[in-house]
Amino acid sequence: MAVESTFIRITPAQLRWRRFKEGVGLIFSSPTAVLGLAIVLIWVFIAIFAPYLTQYTPYEQDYKNVNKGPSPQHILGTDHLGRDVWARVAFGARTILLLAPISVGVAFLLGMILGLPAGYFGGWVDEVVMRILDSIMAFPTILLYMIIISAVGASPVNVVIAIAIGGAPGIARLIRALTLDIRTREYIAAARLRGDRPVHIMFREILPNCRGPLIVDLLLRIGYAAFYIGTLGFLGLGLPPPTPDWGGMVQEGHKFMTTNVWPVLSATVAIVTLVVGLNLFADGLREETMRYQ
Amino acid sequence: MARYIIRRLFTMVITMLVVSIVIFAVVEIAPGNVARNILGAYATPEQEKSMENQLGLDRPVATRYISWLFGSDWQAERKIGRPLKEIVIQQGIVERFRQWWAVDEDGSLVRWGIQDGQLYKYIRQPDGSTVGVPDEGAWRTDESGIQYFWGVDNANRAALWIKGQGGVEYRYEYSGWRKSENAPVDYIPLTKGLLRGDAGVSLRYRAPVSELIASRLKNSGILAALAFLVSIPLGLLLGLLAGLNEGKPADRILSLFGLVTTASPDFATGIFLIMIFSLWLKVLPGATVFASQTAILDNPKMLVLPVLTASLVEMGYILRITRASVVEVVQSNYVRTAVLKGLSRTQVVLRHVLRNSLLAPITVIMLHVNWLIGGLVVVESVFGYPGLGNFILNAALYKDVYAIEAASMFLILLAVGTQLIADIIYSFLNPRVRYA
């Protein structure tokens, strides 16, 4: 060993670990984000271990106890069909925590496909994409969902599609704006000179460098998605009835509120805590990254 | 400035055009066909096919889109060879319906039909009744010798009859299905088109959609106006308070309040308010049941909870924007100068902070109509309030296609229009935007 390098060598694995530590550090430096994360993790825990946290399934009907308040057998009471409210809340957490991230993921794919070329190529591609996005953004969000769901019917897949279509324009605009900035950088010029194809430049050079703002935006959007999944359920456009769905529970229990508030109260508290938790987490993280920069 | 407005108007027209294509595509072309939505699950394939023909759904998509937007009467006039006229018939005070007639050479209004295998012309009399006369001479002959006739039938459609070859028509009426032979073989439903003010007839209420929308628009307008009246001043005031006390307990509490009210779904806010004020304290009614669609203001107590729900969400939003804006202004150099100059705190707040920090929230509020519409749908649904939001939700649930199309076009035009006005006002206030 004649010459010892003065540079510290970092393997890609180490780099990833460092970035991960930075990210975790970012979360823990914001009390808001920690509080939000804690609330969300409680719901994630309930969703994962739902079958162990209750002795009932969300579909079982106890005909002798219909629309009853809390009792030792049913800690949150039963709904109008005699189903255990706690079981439905716990299994409902699975529904919403599964559908919200999936729909944001699909929205991200759509937004990426539209936003990257619009920002990278500019010109008429940009013009066409932006006009389409403007038109979709002209729809009041709930109206757009209502039109789509009423046309294709209410099902988990359709709810995901509707929420993805509603969320894609925002993500596409963000990616486009970031791309407009990044494409003027030297490493993009270098990639062009090496003869990389546009697809390669967009997905391997530009997209990874959009990561920071994009992650915060996607986290915020999971909160919005949960918000809208609940709202669609409440409007009767969410998941078809027997599925445990918080919005749907409120919709069904709404009529019986004067005799038994427990189904409605439990589902409402559930959705509010989850959505507020997701928002606190994303908001805290956003403020922290802004300070970081 | 004129160029800027023209450019914005042009993009708005393009946007609305794309919006109309999207709505039409989603509602009418997407899986789940319109005829089946109208007929329900128990119709036979023949009934469905006949219905599709009668509604003109078998025509090419482009033709249907153009008819929906610009009307089909001019297309039908070309085939019939006579001018067509739409008349409004008033029955009692509320019930009104529209009828299409052809105008004959002598100026009388006529329709046609087949009776005992013969073509009859029905002439409308001044009292509204019709007199039928045989009109066998009206048949035309095409190259292959088939005798055909395009006319107006008794259900507001241009219809094609072919002599000796009657189609089978299934009509769905109040009493049930009615099957008739000797019916037309092709139809063009007559409409003036959305752009000429004809939004079609609601499949659910059997009344012109435009009139249904108009009556509910007023109710929603009252709700939205009251919500704005409550939320804007309160939101600005609380936002200012929070921003001036940045980091202190007052700010923490107000910010958390703003976050919770904006983050929780509107229906959850409404449900909580119902639980508190109507189930627990029993001071306010938890649903809005009005004696008639127009008697909204007769019972102000019923308006309290819907208005409160709508304004809480809106208020939280305004609070958050105002707070952010105030925090930014407070840190600016001119405010520091004002403080160092020795101005009192009240003077600094009133003369420097307030003026400069209000611009952002006010423009954002104007851009917010889009969001408010979504909120109204939910709030009206929670309280059963007879407004436009509830109307469009029911239209979506019952697949009342023409009502969905017209109401959404109207709401989006409203949103895009206010956005345009907000942009123009903003460009007056901030010249940099104009040349961007």
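Calculation criteria
Residues numbered from 1 in each chain as written. Chains lettered and ligands numbered in written order. Predicted model: local features only at pLDDT ≥ 70, side-chain atom pairs only at ≥ 80, totals over all residues. Heavy atoms only, no water. Domains from an automatic or database assignment. Contact = heavy atoms within 4.5 Å. Buried area = accessible area lost by both parts, 1.4 Å probe. Salt bridge = Lys/Arg side-chain N within 4 Å of Asp/Glu carboxyl O. Polar contact = N/O pair within 3.5 Å; in protein donor to acceptor, adjacent residues only side chain to side chain. Helix = DSSP H or I, 4+ residues; strand = E, 2+ residues; numbered from the N terminus. Nonpolar A, V, L, I, M, F, W, Y, C, P; charged D, E, K, R; others polar.

Explanation requested: the domain arrangement of chain B in the structure shown.
By a widely used convention, the size of an interface equals the accessible area lost when the partners come together. Residues and elements named next belong to chain B. Looking at chain B, the domain boundaries give domain 1 (44-70 + 72-190) and domain 2 (210-429). Relative placement of domain 1 and domain 2: their C-alpha centres are 49 Å apart. With four residues of domain 1 at the interface, the matching set in domain 2 holds four residues. Counting the surface lost from both domain 1 and domain 2, the interface buries some 390 Å², and carbon and sulfur atoms represent 47% of this. Remark: the boundary between domain 1 and domain 2 carries zero salt bridges. Scanning the region where domain 1 abuts domain 2 turns up one residue pair in polar contact (both at pLDDT 80 or more).

Would you explain the interface of chain A and chain B in this entry?
Contacts between chain A and chain B engage 41 residues on the former and 47 residues on the latter. With both chains or domains summed, chain A and chain B bury close to 3600 Å², and 80% of this area falls on carbon and sulfur atoms. Our enumeration of links across chain A and chain B arrives at one salt bridge. With a closest N to O distance of 2.9 Å, Asp283 of chain A and Arg320 of chain B form a salt bridge. For the interface between chain A and chain B, the tally reads two residue pairs in polar contact (both at pLDDT 80 or more). Every element with two or more residues in the side of chain A that touches chain B is listed here: helix H5 (123-138), helix H6 (141-152), helix H10 (211-234), helix H11 (246-253) and helix H12 (262-292) of chain A. Per-element accounting of the side of chain A that touches chain B gives the leading share, 11 residues, to H12 of chain A. Of the residues that constitute the side of chain A that touches chain B, the class distribution is 27 nonpolar, 11 polar and three charged.

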